[in-house]
Amino acid sequence: MVGIVVVTHSAVLGQGLRELAEQMTQGRVPLAVAGGIDDPDHPIGTDPVRVMTAIEEVQQGDGVLVLMDLGSALMSAETALDLLPPEVASQVRLSAAPLVEGLMAAAVLASTGADLGAVAEEAQSALAAKRELLGAAAPAAPAMPSAHPEGARDSTVPSSAMPAGEELTLVVPNRLGLHARPAARIVTALGPFAADVQLVRGDRVVSARSVNRIATLAVRGGETVTFRAVGGDAALALRAIEALAAAHFGDAPEAPSKGEAPSPAEAPKDGDMAEAAVSADVQGGGVLRGAAASPGLTVGNAVWYRPAFDAPDVAPLADDPATEVTRLDAALGAARTELVELERRTVAAAGRKEAEIFAMHRLLLDDVTIAGAARQRIMDRREAAESAWYEVISDAAATFRQLPEGYMREREADMVDVGARVLRLLTGVAAVGPRLGGPSVLLATDLGPSDMATLDPSLVIGIVTVQGGATSHAAILARSLGIPAVAGLGPALQGVGEGDIVALDGGTGDVWVNPAPGVRAAVEARRDAWLAGREAALAGAAAPAVTADGRAVHILANIGSSADAGAALKNGAEGVGLFRTEFLFLDRTSPPGEEEQLTAYVTAAAAMQGRPVVVRTLDIGGDKPVSYLEGFATGEDNPFLGLRGIRFCLERKPLFMTQLRALLRAAAVHPLKVMFPMVAHPGELAAAKALLDEARATLDAEGMPHGQLDVGIMIEVPAAVALADQLARDAAFFSIGTNDLAQYVMAADRGNASVAALSDALHPAVLRMVRDTVRAGHAAGIPVAICGELGGNPEAIPLLVGLELDELSMNGPAIPRAKEVVRGCDTGTCAVLADRAMALPDAAAVRRLLQGGS
Ligand code: PEP
Ligand code: MG
């Protein structure tokens, strides 16, 4: 919990404040007072050593907020920071908040477990309620020096009311002015400084630490503005702004003008000149290339999917404001984690510039004028977290809507995007899907699992996204729904408008915008052939897949929900080879309980009508962060090599036990098997099996019915391949996760487009690992499956038959074709093919071999 220190000239005053705060928080918050000095004759004053001791007394690891009364209190606090070890001092925040109101506000919020940033912000905005009660006649708070970076000032005030300070007046050099990205860069540049910095345009003054406030000023290129700073490092802060302005606030310098400069209303979103240039190319009808995310061809009208932001369907008022604040903070934290992850992936896949939008969204999320206002509404009006958040975002979006400048109004969309993300996390309700008037090609920045769940597969005939790659969840889900998709097209997609004709080939990653008639006709002809082939394959999907020389290869489905199970069955799945249970844990703020999980497993198994279902236990971490399960995703330098999969579950015993109990109970009704992800060595398998036994014992003790569970493991880590003979002794089956195995064998991040050629499961190095795993499994008499994406690749199937895999598990729509391919195989010929492939030097050579080359 955050600790609080009060620095005051009077010990008596300090004691009174302590009593007041303790009464409000029932003494739950660590609070120390450094009041007066050690001089019986002159007790009034402040003492740095006392401040230092007080900080040490309340420091519990979550940081300390220091509030002060007057004059030397600030100096004593600053000296105390110098006396403390740097690692402690770095966790101390000096607050410019009013002492009484600030202390009460901070103590109440700290008692809810809020973090230091939130507590500091709460203290800082503590006068707002009083100001509101006293009405408009009261002057805005004077701009006192702020000792913490979050010291965002209240909204616009007449510049005459501002105190004198350092000033920097400049002409905004970039043509598009202080739009969202420059605003975000200003806020970031000011981060290291304590000074209170404001931005003045005409008679309007706003905090220069708020992206939102800066953007509402709608400053255009060529206009003169003034930055005004007050505080110890004011001059330095202004120098940082000056340097930023000299660099055009991070925007690309203007290209030589070719003609009339566009008006702001015509300017590209975010003022990104590079995007504008790409957009022009896009509309030229040429081919664009993204990641081949889901096979198939399509041509149709483009419809942009932007998550709607509707009033939440919850009771607007709540009984317990503190709980609501905690809920809001949890959702904000979860949203932040999502954005960090999106940013990380986009940097890897498309570059830093493309990822900037997520950093900007994060700043909006952290903006005190947004989050602080929502907290204030909860505390002052007892509003539910959802309602408070919705109102604050709606107001902010409306402000942007009223601005005359077109490009500034684009910020409304960003505001709504951020707002919808947090609202979804608060309510646990997925966004409302796009309203489609007919078959359409859906365009989106990115599609999360919850967005995908809202799609109507009968109307979405294709998907193209700005972000993501072939193994992103959106891609996996598109494949399981049989929707052709191209992912990660980059900023070029932004130039495509509603109603443009988009043609795409999800097998190659090619996209055409408003294609020429000849191109369109060619794509349509190939689409018709693809659809006819799919129909023909579906006709024979129910029969087993047996090679021409009589060897059966079991074809199963990968699913993420019971809805997928139904589709898989229609496609001829002989069972489920991989049920990715992490989908049950995503897009929410707390894990599903035992009963909810039981229902999910029983429903999926029931949909398979007695066929076997392999359920993979929770596999999170790496590319699948779940924000409310702390301990990874934000804290690990290298999450792919961190607490992922089984490692995480073994650390989180209660969470794991809940899942194991639900699985054992579901097994009483349906034939289930369980498999553990990311197992690296026998100790982990033994530990997981011991917990399964323990879960069984708890059910026995409660007289709860449960069933048998065969226990298998995923082979995804090279160590597991090396020790496959040992692991096979204790596992009932192996299932090879080629997506991860490829990235770990090749040391190439599966989400990083620049190393995609390396993290390719067709690489001979990976194929040899598959061969070794099959050999070890068969020597021990257990079946070996592939459930990674390689298993569903029709080109690769002859190779996998040659490597003697017993089962292949894939997304449902891939099953009919896979069965056809197996039926055309001869095991002897396939074995030769496999040997030849493993002798080649790289994945490209293997692909050429499979495509009939040499
Ligand atoms: C794999 O790694 O191949 C696999 C099937 O697991 P996931 O893609 O869910 O990590
Ligand atoms: Mg995996």
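You'll find the structure just up there.
Summarised in this report is the structure supplied together with it. This one's a predicted model, so the numbers in the text were calculated from it and none came from an experiment. (Residues numbered from 1 in each chain as written. Chains lettered and ligands numbered in written order. Predicted model: local features only at pLDDT ≥ 70, side-chain atom pairs only at ≥ 80, totals over all residues. Heavy atoms only, no water.)

## What about the overall build of the chain?
Part 1: A tally of helices and strands in the chain yields 32 helices and 24 strands.
Part 2: The proportion of buried residues among the 854 residues of the chain is 54%.
Part 3: For the chain, the accessible area works out to roughly 33200 Å², and carbon and sulfur atoms hold 56% of it. (Helix = DSSP H or I, 4+ residues; strand = E, 2+ residues; numbered from the N terminus. Buried < 20%, exposed > 50% of the residue type's maximum accessible area, 1.4 Å probe, protein only. Areas by Shrake-Rupley, 256 points an atom, 1.4 Å probe, with all protein chains shown as cover.)

## Here's the deal with the coordination of the magnesium ion (ligand 2)
Part 1: Within the protein, Glu716 (OE) and Asp740 (OD) serve as the donor atoms for the magnesium ion (ligand 2), at 2.0 Å. Of this pair, Glu716 sits in the loop between strand S21 (710–715) and helix H25 (718–722) while Asp740 is found in helix H27 (residues 738–746), placing the two residues 24 residues apart along the sequence.
Part 2: With a relative accessible area of 2%, Glu716 lands in the buried category.
Part 3: Take Asp740: its relative accessible area is 2%, and that puts it in the buried class. (Donors = N, O, S within 2.8 Å, 3.2 Å for Na, K, Ca; no water.)

## Examining the pairing of strand S20 (residues 672–676)
Part 1: For S20, a buried count of four out of five residues is recorded, marking the element as mostly surrounded by other parts of the structure.
Part 2: Summarising the sheet, strand S19 (residues 613–616) and S20 pair through four bridges and their orientation is parallel. Directly across from Val613, in S20, lies its bridge partner Leu672.
Part 3: Pairing analysis gives four bridges linking S20 to S21, with the strands arranged parallel. Looking at S21, one finds that Lys673 is bridged to Asp710.
Part 4: Chirality of the crossover, the property in question, places the unit of S20, helix H24 (residues 682–701) and S21 among those that are right-handed. (Pairing = 2+ DSSP bridges. Right-handed = clockwise from strand over helix to strand, strands pointing away.)

## What about the sheet that holds strand S24 (residues 807–811)?
Part 1: In space, the eight strands of this closed barrel follow the order S17-S18-S19-S20-S21-S22-S23-S24, with parallel pairing throughout. Averaged over all neighbouring strand pairs, the angle between strand axes comes to 30°, with direction disregarded.
Part 2: Relative to S24, strand S17 (residues 554–559) runs parallel, the two being bridged by five bridges. The residue bridging Asn558 from the neighbouring strand is Asn811, located in S24.
Part 3: Of the strands in this sheet, S17 and S24 are in contact with helix H30 (residues 815–823), which crosses S17 at around 160°. (Axes fitted to C-alpha atoms, helices over the stretch in contact; angles between N-to-C directions. Contact = heavy atoms within 4.5 Å.)

## A few points about the state of the cysteines
Part 1: Summed over all chains, the structure comprises zero disulfides.
Part 2: Of the cysteine sulfurs around Cys825, a residue in no disulfide, the closest is that of Cys830, at 3.8 Å.
Part 3: Look at Cys825 and you get buried, because its relative accessible area is 4%.
Part 4: Residue classification places Cys830 among the buried positions, given a relative accessible area of 5%. (Disulfide = S-S within 2.5 Å.)

## Overview of the pattern of salt bridges
Part 1: For the structure on display, the rule yields 29 salt bridges.
Part 2: Between Glu324 and Arg327 there is a salt bridge; the shortest N-O distance is 2.9 Å. With Glu324 and Arg327 both in helix H12 (residues 321–350), this residue pair falls three residues apart, about one helical turn.
Part 3: A residue is classified by how much of its surface remains accessible, and Arg327, at 27% relative accessible area, is partly exposed.
Part 4: Overlapping salt bridges bring together Glu582, Arg616, Asp619, Arg644, Asp740 and Arg750 as one network. (Salt bridge = Lys/Arg side-chain N within 4 Å of Asp/Glu carboxyl O.)

## Section: the packing of aromatic side chains
Part 1: With the rule as written, the count across this model stands at two aromatic pairs.
Part 2: Taking the centre distance of 5.9 Å and the plane angle of 85° together, the rings of Phe579 and Tyr601 count as edge-to-face. Here the residue Phe579 occupies a position in strand S18 (residues 576–580), and Tyr601 occupies one in helix H21 (residues 594–607), the gap between them amounting to 22 residues. Each member of the pair, Phe579 together with Tyr601, is buried. (Phe/Tyr/Trp six-rings, centres within 6.5 Å; stacked < 30°, edge-to-face > 60°.)

## Some words on the packing of helix H31 (residues 827–838) against helix H32 (residues 843–850)
Part 1: Two elements in contact, H31 and H32, have axes whose closest approach is 9 Å; the angle formed by their N-to-C orientations is 155°. Taken together, H31 and H32 sit at an angle that is classed as roughly antiparallel. The way H31 lies across H32 gives a crossing that is right-handed. Listed contacts from H32 to Leu833, Arg836 and Ala837 of H31 are Val846, Leu849 and Leu850.
Part 2: Considering only residue class, the contact of H31 with H32 consists of five nonpolar, no polar and one charged. (Parallel < 35°, antiparallel > 145°, perpendicular 65-115°, else oblique. Left-handed = near helix turned anticlockwise from the far one by under 90°. Nonpolar A, V, L, I, M, F, W, Y, C, P; charged D, E, K, R; others polar.)

## Let's talk about the environment of Val711
Part 1: Note that Val711 resides in strand S21.
Part 2: Accessibility expressed as a relative area gives 8% for Val711, which makes it buried.
Part 3: A C-alpha to C-alpha distance of 8.4 Å links Val711 and Asp730, two positions 19 residues apart in sequence.
Part 4: Setting aside residues no more than four positions away along its own chain, Val711 makes contact with Val674, Phe676, Leu685, Lys689, Leu692, Asp730, Ala731, Ala732 and Phe733.

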